[in-house]
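Here is what each chain is made of, one letter per residue.
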Amino acid sequence: MGILAALGTALCWAIAARLFRGTGQVFTPLAMNFWKGTISVVLLLVITLWLTPSQTIDNEALFWLLLSGVIGIGIGDTFFFKALTTIGDSQAVLVAETLAPIFTALLAMGWIAEWITWQQWLGVGIILFSVDMVIKSNKRTATHIVASKGYLFGVGAAVCQAIGAVISRDILAGGDVDAASAAMYRLIGGLALVAILIGATRTPVLPKPSVMRGQSHGRLWSTFFIATLLGTTAAIFLQMLAFAHAKAAVVQTLIATSAIMSLGVAWVMGERASWRTLIWSLAALAGVAVLVSTGNGSIE
């Protein structure tokens, strides 16, 4: 179940990324994070009240989940957007998606004593190398010559993702917190930080009027809602479900395949990939097969 949930997370992100393309120019990054978080928290609150109305979470678990959201979602996403604007999308994704699983594996070994086998390391290596090659072969933005700060932001985003992942794995592995509740509290933590940043920077949260000229508000918000439902609500729920059933490093690696799945989404939309991209995509699938063949990645 953990592996399927992680791959489901990657697929949700791949589809949502396509939908968010049309809204990314209308909202500022902080505003987009604010609305994504707000919509998802409300939806997850309804789900948790419906499915587990009497469940209580002890204060320690609540603290760690909120902290996980602040670090992994609030700070991590901010660093990632900083990297995007400094070194471009391909380089930002390359740095974050490559380093996050590695940092997660190392942090999990040191923090919660969760080790992965050499076969799983092999699968992780195959997937990450293949994803890197796919991203490089589909590079659309130029790399800035002097952009060391941007790469540091990318590394910071990967570190924050790793910390958030290991904290979530540690809490969810015990089975005392359900995935929907964990997702909601993580989002609340991230949303709280985003709200503070919006207030401190006086960032507007509504769509930019200059960009909205001639566009339908109804269509914009409906597209944004669907993208949020997939890319935030469903994705973070599946991510928490994955952490409950599989090792953190395995989950983070499989989520990195969203770059591969986005090619499938593009193909459905009529875009075609090069042979080189297809070959490396098959190599990534081989890496997934290696991880699947070693079991579900849970602690024995």
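Quick caveat, the model's predicted, so the values are computed rather than measured. (Residues numbered from 1 in each chain as written. Predicted model: local features only at pLDDT ≥ 70, side-chain atom pairs only at ≥ 80, totals over all residues. Heavy atoms only, no water.)

A look at the environment of glycine 264
Its location among the elements puts glycine 264 in helix 11 (residues 258–268). Each C-alpha atom of the pair glycine 264 and serine 281 lies 9.9 Å from the other, and the pair is 17 residues apart in sequence. (Helix = DSSP H or I, 4+ residues; strand = E, 2+ residues; numbered from the N terminus.)

Comments concerning the confidence of the model for the protein
With 88% of its residues at a pLDDT of at least 70, the protein reaches an overall mean of 83. Mean pLDDT across the elements of the protein ranges from a minimum in helix 8 (residues 209–212), with 56, to a maximum in helix 7 (residues 179–201), with 93. Considering only residues more than four positions removed or in separate chains, one finds that residues 141–146, a stretch of pLDDT under 50, has eight contacts. (pLDDT = per-residue confidence, 0-100. Contact = heavy atoms within 4.5 Å.)

Things to note about the packing of aromatic side chains
For the structure on display, the rule yields seven aromatic pairs. Ring centres of phenylalanine 63 and tryptophan 64 lie 5.4 Å apart, and the angle between their planes is 70°; on these two criteria the pair is classed as edge-to-face. Ring plane angle 75° and centroid distance 5.3 Å describe the contact between phenylalanine 129 and tryptophan 280, whose orientation is recorded as edge-to-face. With a gap of 151 residues between them, phenylalanine 129 in helix 5 (residues 118–137) and tryptophan 280 in helix 12 (residues 275–293) connect regions that are remote in the sequence. A relative accessible area of 46% places phenylalanine 129 in the partly exposed class. (Phe/Tyr/Trp six-rings, centres within 6.5 Å; stacked < 30°, edge-to-face > 60°. Buried < 20%, exposed > 50% of the residue type's maximum accessible area, 1.4 Å probe, protein only.)

So, helix 3 (residues 59–87)
With 29 residues, helix 3 ought to run about 42 Å at 1.5 Å a step, and its terminal C-alpha atoms sit 40 Å apart, in line with that. A maximum bend of about 30° is found in helix 3 at glycine 76. For helix 3, every residue scored as buried is listed here: Ala61, Leu65, Ser68, Gly69, Ile71, Gly72, Ile73, Gly74, Gly76, Ala83 and Ile87. The N-terminus of helix 3 is capped by aspartate 58, whose side-chain oxygen sits 3.1 Å from the backbone nitrogen of glutamate 60. (Expected span 1.5 Å × (residues − 1). Bend = angle between axes of the 7 residues up to and from the residue. Polar contact = N/O pair within 3.5 Å; in protein donor to acceptor, adjacent residues only side chain to side chain.)

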